[in-house]
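A look at the structure
The chain contents come next:
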Amino acid sequence: MYEDVQLKSSVGVIGAGIQGICISLCLVKKGFKVTLIDRDEPGKNSASYGNAGHFSPYAAVPINRPDILVDIPSMLLSSTGPLALKWNYVPKMIPWFLKFVKNCSRKNMMHTAKYMHQILDLALPAYDELFKDIDISGLVESKGIMYFWTKKDLKSRELENNIRDQLGVKQQLLTPHEIHDLEPKIKKIYHGGVLYPNARHARNPRKILLKLFDLFIKRGGRFEKQNVQTISFSSDNKPVVKTDLKFYTFEKAVIACGAFSKKLTDQVNEKIPLDTERGYHVHFKGHDYLLSRPVIFLNRGFGITPMEQGLRVVGTVEFGGLDNPPSKKRILNLVNNAKYLFPELREHQDEWLGFRPSLPDFLPVIGPSKNHKNLFYSFGHHHLGWTLGAISGKIIAEIIAKENTNLDLSPYNSIRFS
Ligand SMILES: Cc1cc2nc3c(=O)[nH]c(=O)nc-3n(C[C@H](O)[C@H](O)[C@H](O)COP(=O)(O)OP(=O)(O)OC[C@H]3O[C@@H](n4cnc5c(N)ncnc54)[C@H](O)[C@@H]3O)c2cc1C
């Protein structure tokens, strides 16, 4: 039996990852009556729990770039590289790949870089606004993020460094000596590196997420642990959200289900080509003393972040959809890569698979639905959804409150896929 819950001046937010929680918090702060719905406990297992914890305001240069197409075959063949496929999913992903290839022109790459930079540049100030009201001591470090590489990877770095210079992103190129001074415990296999001094990292993304969630509840927000099955519309265009337990009628609704958002947007007649880049992590407990800041070894496309859980080793871009089981091989690859840099590492724990929500132009969808004026979207933040949580929340709340964001939001609109 379904119970019909009618709420006045209300917003329903579907998905309690970092996007949904930040949106909900920004909305309650503006006086909206917000119901946040998730099929799971917030931060239990979502991408917003298991990510590398980077706050990366510098990372505007997208994956869709002209030189990547040449590199893909060797990346796929490499036994230590970051790229992998689940072959049973390849036919389903062909339309996404074709759109991705189209977006690898220099012009499209620069378009994405420009509009990622627009929101990335505001990402940390937006978090600072939210962090004013919670105690984040010991949870966020401001020591920058370091990348390093061997001679083999120098060419592709030049392109990125030039674009970042054009965008005015602060970066410090590093000699091997300087890398060693910053992170003396890494095996000396590198020939060059870069430090992004303004980047930060989370020592425990789940704890930060839960602190923001608790603040949302404290400010009068409501949470329902239910699975959303459908979205339809009443005769006066109000979103009607049907869960496994109830019907909710809201004034406005927001879809923020990360990589799972397409299941709902398909129902409201939008053809948004959202798919997932699967990624993995493992922990080496008690070894966070080996690093002061997150590092990324570019040749092998993986990163290590010092966290409360130990060293979190994160990486892989696996195209395989939402339903395939995790790949043991990918976990082993991460473990071996971590041991290559730190031979003292022994047993790992907590093998985790997560889903980056990715669109083929590597811009998120943030804004109103094409077809329904009371429905809004915030998903598709790919590798940067943790960084972009607070700013996306701020933008969506301002749009719903009919305030001026002073931003050009058209590049994030879902209409670009029509
Ligand atoms: C391995 C890995 C490393 C990453 N590292 C970084 C990083 O260092 N920095 C960075 O900025 N980003 C990083 N990311 C990306 C970032 O984690 C994601 O972009 C971001 O977490 C997406 O947040 P979200 O709220 O959109 O989605 P999610 O965190 O996936 O949350 C979606 C929520 O929706 C819920 N949901 C889905 N469908 C339904 C339904 N039908 N009914 C009810 N609830 C539903 C889910 O239960 C979930 O809680 C990484 C991602 C991965 C996988």
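Everything in this summary refers to the structure shown in the same document. On a predicted model such as this, the values are computed, not experimentally measured, just so you know. Starting afresh in each chain, residues are numbered from 1 along the sequence in its written order. Residues qualify for local features only when their pLDDT is at least 70, as the model is predicted, and side-chain atom pairs are given and counted only at 80 or more; totals for whole chains, interfaces and linings, by contrast, use all residues. The side-chain values count all of the structure's non-hydrogen atoms but skip hydrogen atoms and water molecules.

Turning our eyes to something else, we now look at the overall build of the chain. Elements are defined by DSSP. Helices are runs of H or I of four residues or more, strands are runs of E of two residues or more, and each kind is numbered from the N terminus. From N to C terminus, the chain includes twelve helices and 22 strands. Relative to a compact globule of 418 residues, whose C-alpha radius of gyration would be 22 Å, the chain shows 21 Å and is just as compact. To sort residues, take the accessible area from a 1.4 Å probe on protein chains only and compare it with the maximum for the residue type: under 20% means buried, over 50% means exposed, and anything in between is partly exposed. Residues counted as buried form 59% of the 418 residues belonging to the chain. Residue-level accessible areas treat just the shown protein chains as cover; the underlying method is Shrake-Rupley with a 1.4 Å probe. Surface exposure of the chain reaches about 17500 Å², of which carbon and sulfur atoms provide 53%. C-alpha atoms define the radius of gyration in this analysis, and the globule rule sets the expected value at 2.2 Å times the number of residues to the power 0.38.

Moving on to the site of the ligand. Taken together, 34 residues surround the ligand, and among them Asp-38, Ser-48, His-382, His-383 and Thr-387 come closest. In the analysis that follows, any N or O atom pair within 3.5 Å is treated as a polar contact, provided that within protein one partner can donate a hydrogen and the other can accept it, and provided that, for residues neighboring in sequence, both atoms belong to side chains. The separation between an oxygen atom of the ligand and a polar main-chain atom of Ala-47 is 3.2 Å. Contact between the ligand and His-54: an oxygen atom at 2.9 Å from a main-chain N or O atom of the residue. Those elements giving two or more residues to the shell around the ligand turn out to be helix H1 (18-29), helix H2 (47-50), strand E16 (275-284) and strand E20 (349-358). Each residue belonging to the shell around the ligand can be placed in one class, and the counts come to 14 nonpolar, 17 polar and three charged. The rule for a residue being near a molecule or strand is that one of its heavy atoms must lie within 4 Å of it. Side-chain classes follow a simple rule in which Ala, Val, Leu, Ile, Met, Phe, Trp, Tyr, Cys and Pro form the nonpolar group, Asp, Glu, Lys and Arg form the charged group, and the remainder, Gly included, forms the polar group.

What follows concerns the sheet that holds strand E11 (residues 222-225). The mixed open sheet is built from six strands, whose spatial order is E11-E3-E2-E15-E22-E21. Where the open sheet ends on each side, the last strands, each with one partner, are E11 and strand E21 (365-368). Geometrically, the sheet is characterised by an average inter-axis angle of 20° between neighbouring strands, direction not taken into account. Note on pairing: two strands pair once DSSP finds at least 2 bridges between them. As paired strands, strand E15 (residues 252-255) and strand E22 (residues 375-379) are joined by three bridges and run parallel to one another. Residue Ile-255 lies in a different strand from E22, and its bridge partner there is Tyr-377. To define axes, lines are fitted to C-alpha atoms, for helices over the stretch in contact only, and angles between the resulting N-to-C directions are given on a 0 to 180 degree scale.

Further remarks concern the packing of aromatic side chains. What counts as a ring pair is set by centres within 6.5 Å for rings of Phe, Tyr and Trp (its six-membered ring), and what kind of pair is set by the plane angle: stacked under 30 degrees, edge-to-face over 60, tilted for all other angles. Tallying each qualifying case throughout the model produces 23 aromatic pairs. Residues Tyr-58 and Tyr-196 carry aromatic rings whose centres are separated by 3.9 Å and whose planes lie at 5° to one another, so their mutual orientation is stacked. Of the two residues, Tyr-58 sits in the loop between strand E4 (54-55) and helix H3 (68-77) while Tyr-196 sits in strand E9 (residues 192-196), which places them 138 residues apart along the sequence. Each member of the pair, Tyr-58 as well as Tyr-196, carries the same accessibility label: buried. Geometrically, the ring pair formed by Tyr-115 and Tyr-412 is edge-to-face, given 6.4 Å between the ring centres and 85° between the ring planes. Here the residue Tyr-115 occupies a position in helix H5 (residues 106-120), and Tyr-412 occupies one in the segment after helix H12 (389-400), the gap between them amounting to 297 residues. For the pair shown, Tyr-115 and Tyr-412 are each scored as buried. Three or more aromatic residues link up through ring pairs in this structure, and these residues are Trp-96, Phe-97, Phe-100, Phe-319 and Phe-362.

As a further point, take helix H4 (residues 90-102). To estimate how far a helix should extend, the number of its residues minus one is multiplied by 1.5 Å. Taking 1.5 Å per residue as the helical rise, H4 with its 13 residues ought to reach 18 Å, and the 18 Å between its terminal C-alpha atoms agrees with that figure. Taken as a whole, H4 carries its principal kink of about 35° at Trp-96. Taken residue by residue, H4 has Val-90, Met-93, Trp-96 and Phe-100 as its buried positions. Contacts: residue pairs with any heavy atoms within 4.5 Å of one another. Those residues of H4 that are buried lie in contact with H3, strand E5 (83-85), E16, strand E19 (310-319) and E20. The bend at a residue is defined as the angle formed between two axes, one fitted to the seven residues ending at that residue and one fitted to the seven starting there.

The next subject is the side chain of Ser-392. Locating Ser-392 in the fold gives a position in helix H12. One polar contact links Ser-392 to His-381, side chain to side chain, over a distance of 2.9 Å. In this structure Ser-392 touches Gln-19, Ile-366, Ser-378 and His-381, once residues within four positions along its chain are discounted.

Moving on: the pairing of strand E12 (residues 228-233). As defined by bridge partners, E12 adjoins strand E13 (residues 239-243) across five bridges and the pair is classed as antiparallel. In the sheet register, Ser-232 faces E13, and the bridge partner there is Val-240. Between the antiparallel neighbours E12 and E13 lie five residues, among them Asn-237 with a positive phi of about 70°.

Position of Leu-77 relative to the elements: it lies in helix H3. Of the residues examined, Leu-77 reaches a relative accessible area of 76% and is grouped as exposed. With 280 residues separating them along the chain, Leu-77 and Pro-357 place their C-alpha atoms 24 Å apart.

Strand order in this open sheet of three strands is E4-E10-E6, and the pairing throughout is antiparallel. On the outer flanks of this sheet lie E4 and strand E6 (140-141), each paired with one strand and no other. Looking at chain direction, E6 and strand E10 (residues 200-202) are connected through two bridges and run antiparallel. Bridging from a neighbouring strand, Val-140 pairs with Ala-202 of E10.

In this section: unusual backbone geometry. The phi torsion at Asn-269 lies on the positive side, around 65°, for a residue other than glycine. By secondary structure assignment, the location of Asn-269 is in the loop between helix H10 (262-265) and E16. At Lys-402, a position not held by glycine, the phi torsion is positive, near 60°. Its location among the elements puts Lys-402 in the segment after H12. Using a relative accessible area of 71% as the deciding quantity, one classes Lys-402 as exposed.

Note on disulfides: each one is a pair of cysteine sulfur atoms within 2.5 Å. Summed over all chains, the structure comprises zero disulfides. Lacking any disulfide linkage, Cys-22 is separated from the closest cysteine sulfur, that of Cys-26, by 6.4 Å.

Our next topic: the pattern of salt bridges. A side-chain nitrogen of Lys or Arg and a carboxyl oxygen of Asp or Glu constitute a salt bridge if their distance falls within 4 Å. In the structure shown here, the tally under the stated rule is 20 salt bridges. The partner of Glu-318 in a salt bridge is Arg-278, with the nearest N and O atoms 2.7 Å apart. Taken together, the residues span a long stretch of sequence, with Glu-318 in strand E19 and Arg-278 in strand E16 at a distance of 40 residues. Accessibility assignment for this pair places Glu-318 and Arg-278 in one class, buried.

By themselves, these figures tell us nothing about what the structure is for.
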